[in-house]
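# Architecture and fold: a report
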Amino acid sequence: MSNVQIISLIVILLYFVVTAFTGIYFARRKREKGAKQSNEEFLMAGKSLGPWMLAGTLFAANTGGASTTGVATNVLSQGLSASWYVISAGIGFVIVAYIAPYFRRSKSSTVPEIISKRYGKPSHIFTAFTSITALFMATGAQIIATASIISVVTGVGFNIAAIVSTIIVVFYTMGGGLKSVAAANVVHVFTITIGMAIAMFIIVNGDKVGGFDALFEKARAMTSAEGQNLDLLSMSKVGIFTILGYIAMYSMTFPTGQEIVQTYCSAKSSKTAMVGSVLAGVLQSAYAIIPAIIGLTAYVCIDGYAAGGQSRTALADATIQLAPAFIAGLVLAGVVAATISSAAGNMLGTATMFTNDVFRPYIKKGVRDDKQEILVSQIVMLVAGVFGLAVALSGSNIISVMMSVFALRSAGPFVAFICGLFYKNVTQRAGFISIVVGTIVAAIWIYGLGTPWGLSAIVPGSVVALIFIFACSILDKKMGIEPAPEIEFENI
């Protein structure tokens, strides 16, 4: 290993240690207080998150491998417009802010639980298992991103890096639940935003790049092997339909993603949920350009790099070859922060859904035992980590995995959720049919048709689900079937 690799590895390991012991500290502090920890306290932080911690947790949960390494990778084909993948997430948080209070007021902890209050047991069970499966896959996607960076930059084998990454995430997530993860997210957000921003400026202003003016001048002159200008500075190259598709995707997947919904439900109040969502949106949008600029430096300033085609290691290669050793480690720590934050959120979401939507209602028949539920939650986290590790070791592509996750968990439930809030005449049967049909259409769109035109499966799945929920509700009404009971909301 080179000196740069050694120093980078030390920085990353130190970051891992700080993150892991943050979880231990909060878990130990809780025990020292002598208070009995409920499952709600463990998984939902006692519904005590303020706007800034809520915003940080939302930002960290959503900013993973695709938002860091993925954006940097896509600069060659999309220019700086690759950053729209993250900007759109920010816009999505602002849009979802208007319905975020409903999550907090619903007296619920999970997406399936909210669905069940309007549509009953069949919808509850189906949504629970599809959501749990999706989060298992999403955990694997974040492990892939973390392990890829560590492996490429430090020279450690991918399999070893994946195992180490999994152990760290499982360790600190099991240690203290959402409270410890939310506290660790303060470190994550600082590293991701401030750390990577500082690193970007140091890389760009270093001797090998020569400043922003020199970088942009070189970027404007970059051409392909056929002599066509690569248009690397374009903010519109990705296309308006793709941008609108991203915004639609996030606006639909946030209200149905357990790692996001769980955070909203953990807010102090409905107003806090709204404010925190807007803050997260602003933070997400402001951050978006940072990984894009770092990726740009790789393709523009490393000799022959762009000629080698699009590279998933663009961000890592830029830091190793264009930045001082410590800064390279700082950037990598930022990427690690992003990916393990997302993985931890996925694991907590999986545990919450299993205990609240499977274990307590169907295995324990409604009997609540906090000590037993915490143990079950920790076991589920461990299983999620092992499953995620298996996904990582299978050689799956992170972008493909995440897009599948978004579609399968959202195409059916999103329409049912929105109609459950605002459509008084919806029936239980219509809701269940729309959830199942929307999910099936999304699966066929991905695995049967290969995602035609690059259009997210959420769109056709949701359109079909919308048609079915209205058509079935109208038919049920004609048959004399009463609408589903409306959800009762707290006034907080």
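The preceding data block contains the structure.
These numbers come from a predicted model, not from an experiment. (Residues numbered from 1 in each chain as written. Predicted model: local features only at pLDDT ≥ 70, side-chain atom pairs only at ≥ 80, totals over all residues. Heavy atoms only, no water.)

This part takes up the overall build of the chain. When you go through the chain residue by residue, the secondary structure sums to 21 helices and zero strands. Per-residue burial for the chain yields a buried fraction of 60% across its 492 residues. Put simply, of all contacts in the chain between residues at least 6 apart along the chain, 82% involve residues at least 24 apart. Carbon and sulfur atoms make up 66% of the accessible area of the chain, which totals about 19000 Å². (Helix = DSSP H or I, 4+ residues; strand = E, 2+ residues; numbered from the N terminus. Buried < 20%, exposed > 50% of the residue type's maximum accessible area, 1.4 Å probe, protein only. Contact = heavy atoms within 4.5 Å. Areas by Shrake-Rupley, 256 points an atom, 1.4 Å probe, with all protein chains shown as cover.)

Turning to helix 20 (residues 428–448), a few remarks are in order. Its 21 residues place the ends of helix 20 29 Å apart at the C-alpha level, agreeing with the 30 Å of an ideal helix rising 1.5 Å per residue. Buried within helix 20 we find Ala430, Gly431, Ser434, Ile435, Val436, Val437, Gly438, Thr439, Ala442, Trp445 and Ile446. Looking at the residues trailing helix 20, positive phi occurs at Gly450, about 75 degrees. (Expected span 1.5 Å × (residues − 1).)

Before going further, it helps to examine the packing of aromatic side chains. Overall, the coordinates contain 11 aromatic pairs when judged by the stated rule. On the basis of an interplanar angle of 35 degrees and a centroid distance of 5.3 Å, the ring pair of Tyr250 and Phe254 is categorised as tilted. The exposure classification of Tyr250 matches that of Phe254, with both residues buried. Among the aromatic residues, those joined into a ring-pair cluster are Tyr85, Phe93, Tyr246, Tyr250 and Phe254. (Phe/Tyr/Trp six-rings, centres within 6.5 Å; stacked < 30°, edge-to-face > 60°.)

With that settled, the discussion passes to the side chain of Thr130. As for its placement among the helices and strands, Thr130 is situated in helix 8 (residues 121–154). Note on Thr130: relative accessible area 18%, which makes it buried. A polar contact is formed between the side chain of Thr130 and the backbone oxygen of Phe126, at a distance of 3.0 Å. Side-chain polar atoms of Thr130 contact the backbone oxygen of Thr127, separated by 3.1 Å. (Polar contact = N/O pair within 3.5 Å; in protein donor to acceptor, adjacent residues only side chain to side chain.)

Attention now goes to unusual backbone geometry. In the Ramachandran plot, Asp231 falls in the positive-phi region, its phi being about 55 degrees despite a non-glycine side chain. On the basis of relative accessibility, which here comes to 38%, the residue Asp231 falls in the partly exposed class. The phi angle at Thr451 is positive, at roughly 55 degrees, despite the residue not being glycine. With respect to the secondary-structure elements, Thr451 resides in the loop between helix 20 and helix 21 (458–478). Classification of Thr451 by relative accessible area gives partly exposed; the value is 30%.

Grouped together as the largest cluster of nonpolar side chains are 144 residues, with contacts concentrated most on Tyr85, Phe103 and Tyr264. Aside from chain neighbours lying at most four places away, what touches Phe103 is Val96, Ile114, Pro255, Val261, Tyr264, Cys265 and Phe417. (Core = buried A, V, L, I, M, F, W, Y, C linked by side-chain atoms within 4.5 Å.)

Relative orientation of the contacting elements helix 3 (residues 51–62) and helix 12 (residues 258–265) amounts to 175 degrees, with a least axis distance of 10 Å. Relative to helix 12, the element helix 3 is oriented roughly antiparallel. Along its contact with helix 3, which presents Leu54, Thr57, Leu58 and Ala61, the element helix 12 presents Glu259, Ile260, Thr263 and Tyr264. Taken together, the residues of the contact of helix 3 with helix 12 break down into five nonpolar, two polar and one charged. (Axes fitted to C-alpha atoms, helices over the stretch in contact; angles between N-to-C directions. Parallel < 35°, antiparallel > 145°, perpendicular 65-115°, else oblique. Nonpolar A, V, L, I, M, F, W, Y, C, P; charged D, E, K, R; others polar.)

Looking now at the side chain of Thr166. Turning to its location among the elements, Thr166 is positioned in helix 9 (residues 158–205). Judged by its relative accessible area of 8%, Thr166 falls in the buried class. Within the local environment of Thr166, its side chain forms a polar contact with the backbone oxygen of Ala162, the two atoms lying 2.8 Å apart.

Applying the stated criterion across every chain, the model contains two salt bridges. Across the pair Glu373 and Arg360 runs a salt bridge whose closest N-O atoms are separated by 2.9 Å. Of the two residues, Glu373 sits in helix 17 (residues 370–393) while Arg360 sits in helix 16 (residues 325–363), which places them 13 residues apart along the sequence. The burial state of Glu373 is the same as that of Arg360; both residues are buried. For Asp476, the salt bridge goes to Arg429, with nearest N and O atoms at 2.2 Å. (Salt bridge = Lys/Arg side-chain N within 4 Å of Asp/Glu carboxyl O.)

In this structure, Val86 sits in helix 5 (residues 84–96). The spatial distance from the C-alpha of Val86 to the C-alpha of Val71 is 8.1 Å, given a sequence separation of 15 residues. In this view, Val86 contacts Ser67, Val71, Gln284, Tyr287 and Ala288; residues no more than four positions away in its chain are not counted.

On the surface, Val94, Tyr98, Met274, Val275, Val278 and Val282 cluster together to form a nonpolar patch covering roughly 500 Å² of accessible area. The biggest single contributor to the nonpolar patch is helix 13 (residues 270–287), with four residues. Here Val278 is to be found in helix 13. (Patch = residues over 30% accessible without salt bridge, like charges linked within 9 Å, V, L, I, M, F, W, Y side chains within 5 Å.)

With that out of the way, let us pick up the packing of helix 5 against helix 13. The geometry of helix 5 relative to helix 13 is characterised by a closest axis approach of 7 Å and an angle of 170 degrees between their N-to-C directions. In this view, helix 5 runs roughly antiparallel relative to helix 13, as classed from their interaxial angle. Residues Val86, Ile87, Ala89, Gly90, Ile91, Phe93, Val94 and Val96 of helix 5 lie in contact with helix 13, whose contacting residues are Ser277, Val278, Ala280, Gly281, Gln284, Ser285 and Tyr287. Among the residues making up the contact of helix 5 with helix 13, the classes are represented as 10 nonpolar, five polar and no charged.

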